[in-house]
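Structure at a glance
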Amino acid sequence: MLVFDLQCDQGHRFEGWFDSHKDLAKQIKNKMIACPVCGAESVRQVPSSFAIAKRGQASPRPNEGDSPDPDAAARLLGEALKRYLKENFEDVGAKFANEALKMHFGATETRNIRGVSTPEEEKMLQREGVNFFKVGPPPSAETTVTSGGEEEDD
Ligand SMILES: [Zn+2]
């Protein structure tokens, strides 16, 4: 999943999660995205804030100390993502692979979960076709999340 910044024709900015840039383009084209503020279906992608080049800077001058710091941007993005995950995903800890599989096979309620998993468990999940992505690099354990929502297929 990827996060894209979007803007409606009224100027409201919001974020959307998509499988890929192609998926985003398709949903915009088919007017499948509505502004959460005003409901407008005329939306377009805008550059993410951390990808905007500095105004008036003719050429990159990485040694001046005032250029965007990719590490800082990654850190900020990591913080925002962690906060989002904390608020929207249930922490299942080391049972992640188990819970993801149960959801995948319909043995338990579909929901957003996060937790830790081993490389072996990840390989197994990939083999089973479970949708998940990794967030990193966390300081101690690797965090893995999955979203059970596949509303488009219903
Ligand atoms: Zn709007």
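Residues numbered from 1 in each chain as written. Predicted model: local features only at pLDDT ≥ 70, side-chain atom pairs only at ≥ 80, totals over all residues.

Section: the overall build of the protein chain
Rules: A run of DSSP states H or I qualifies as a helix once it reaches four residues; a run of E qualifies as a strand once it reaches two. Both are numbered from the N-terminal end. Partly exposed residues are those whose C-beta has more than 12 but fewer than 20 other C-beta atoms within 10 Å; 20 or more makes a residue buried and 12 or fewer makes it exposed, with C-beta atoms placed from the backbone. The contact criterion used here is simple: two residues whose C-beta atoms, placed from the backbone, lie within 7 Å are in contact.
Per the secondary structure count, the protein chain includes 4 helices and 7 strands. Starting at the N terminus and walking to the C terminus, you meet the elements of the protein chain as β-β-α-β-α-β-α-β-α-β-β. With 154 residues in all, the protein chain has 14% of them scored as buried. Across the protein chain, the fraction of contacts at a sequence separation of at least 24, relative to all contacts at a separation of at least 6, is 48%.

A short note on the confidence of the model for the protein chain
Condition: Values of pLDDT, the confidence the predictor places in each residue, fall between 0 and 100.
On average, residues of the protein chain score 78 in pLDDT, and 75% of them reach the 70 mark or higher. Element-level mean pLDDT values for the protein chain span from 67 in strand β7 (residues 143–146) up to 91 in helix α1 (residues 21–29).

Here's the deal with the pairing of strand β2 (residues 13–18)
For the record, the criterion: At least two bridges found by DSSP between two strands is the condition for calling them paired.
Here strand β1 (residues 2–8) runs beside β2; their pairing, made up of 6 bridges, is antiparallel. Residue pairing for β2: Gln 7 is matched across the bridge by Arg 13. Between β1 and the antiparallel strand that follows it, β2, lie 4 residues; Gly 11 among them carries a positive phi value of about 90°.

Side note on the environment of Ala 40
By secondary structure assignment, the location of Ala 40 is in the loop between α1 and β3 (43–46). Between the C-alpha atoms of Ala 40 and Gln 10, which are 30 residues apart in sequence, the distance is 7.8 Å. If we skip the residues at most four places from it in the chain, Ala 40 touches Cys 8, Asp 9, Gln 10, Ala 34 and Cys 35.

Side note on the nonpolar core
Our working definition: Nonpolar cores are built from buried Ala, Val, Leu, Ile, Met, Phe, Trp, Tyr and Cys residues. These are joined into a set through C-beta atoms within 7 Å.
Counting 7 residues, the largest nonpolar core consists of Phe 96, Ala 97, Ala 100, Met 103, Ile 113, Leu 125 and Phe 132. The next biggest cluster of nonpolar side chains, apart from the first, holds 6 residues, and it includes Leu 6, Cys 8, Ile 33 and Val 43.

Some thoughts on the environment of Thr 108
Mapped onto the secondary structure, Thr 108 falls in the loop between α3 (96–104) and β5 (113–115). The partly exposed category is assigned to Thr 108, around which 15 C-beta atoms lie within 10 Å.

Some points on the sheet that holds β1
Hydrogen bonds between backbone atoms are what pair the strands of a sheet, whose relative direction is either parallel or antiparallel. Let me state the cut-off plainly: To get an axis, a line is fitted to the C-alpha atoms, and for a helix only the part in contact is used. The angle between two axes follows their N-to-C directions and goes from 0 to 180 degrees.
Strand order in this open sheet of 3 strands is β2-β1-β3, and the pairing throughout is antiparallel. In this open sheet, the two edge strands, each paired with only one partner strand, are β2 and β3. Direction aside, neighbouring strands of the sheet carry axes that sit 45° apart on average.

Considering the packing of α3 against helix α4 (residues 119–128)
Applicable threshold: Angles below 35 degrees are treated as roughly parallel, those above 145 as roughly antiparallel, those between 65 and 115 as roughly perpendicular, and all remaining angles as oblique. Gly is put with the polar residues, along with every residue not named as nonpolar or charged; the nonpolar set is Ala, Val, Leu, Ile, Met, Phe, Trp, Tyr, Cys and Pro, and the charged set is Asp, Glu, Lys and Arg.
Relative orientation of the contacting elements α3 and α4 amounts to 10°, with a least axis distance of 10 Å. The angle between the axes of α3 and α4 places the two elements in the roughly parallel class. Contact with α3, carried on its side by Ala 97, Ala 100, Leu 101 and His 104, involves Glu 121, Met 124, Leu 125 and Glu 128 of α4 and no other residues of that element. Of the residues contributing to the contact of α3 with α4, the split by class is 5 nonpolar, 1 polar and 2 charged.

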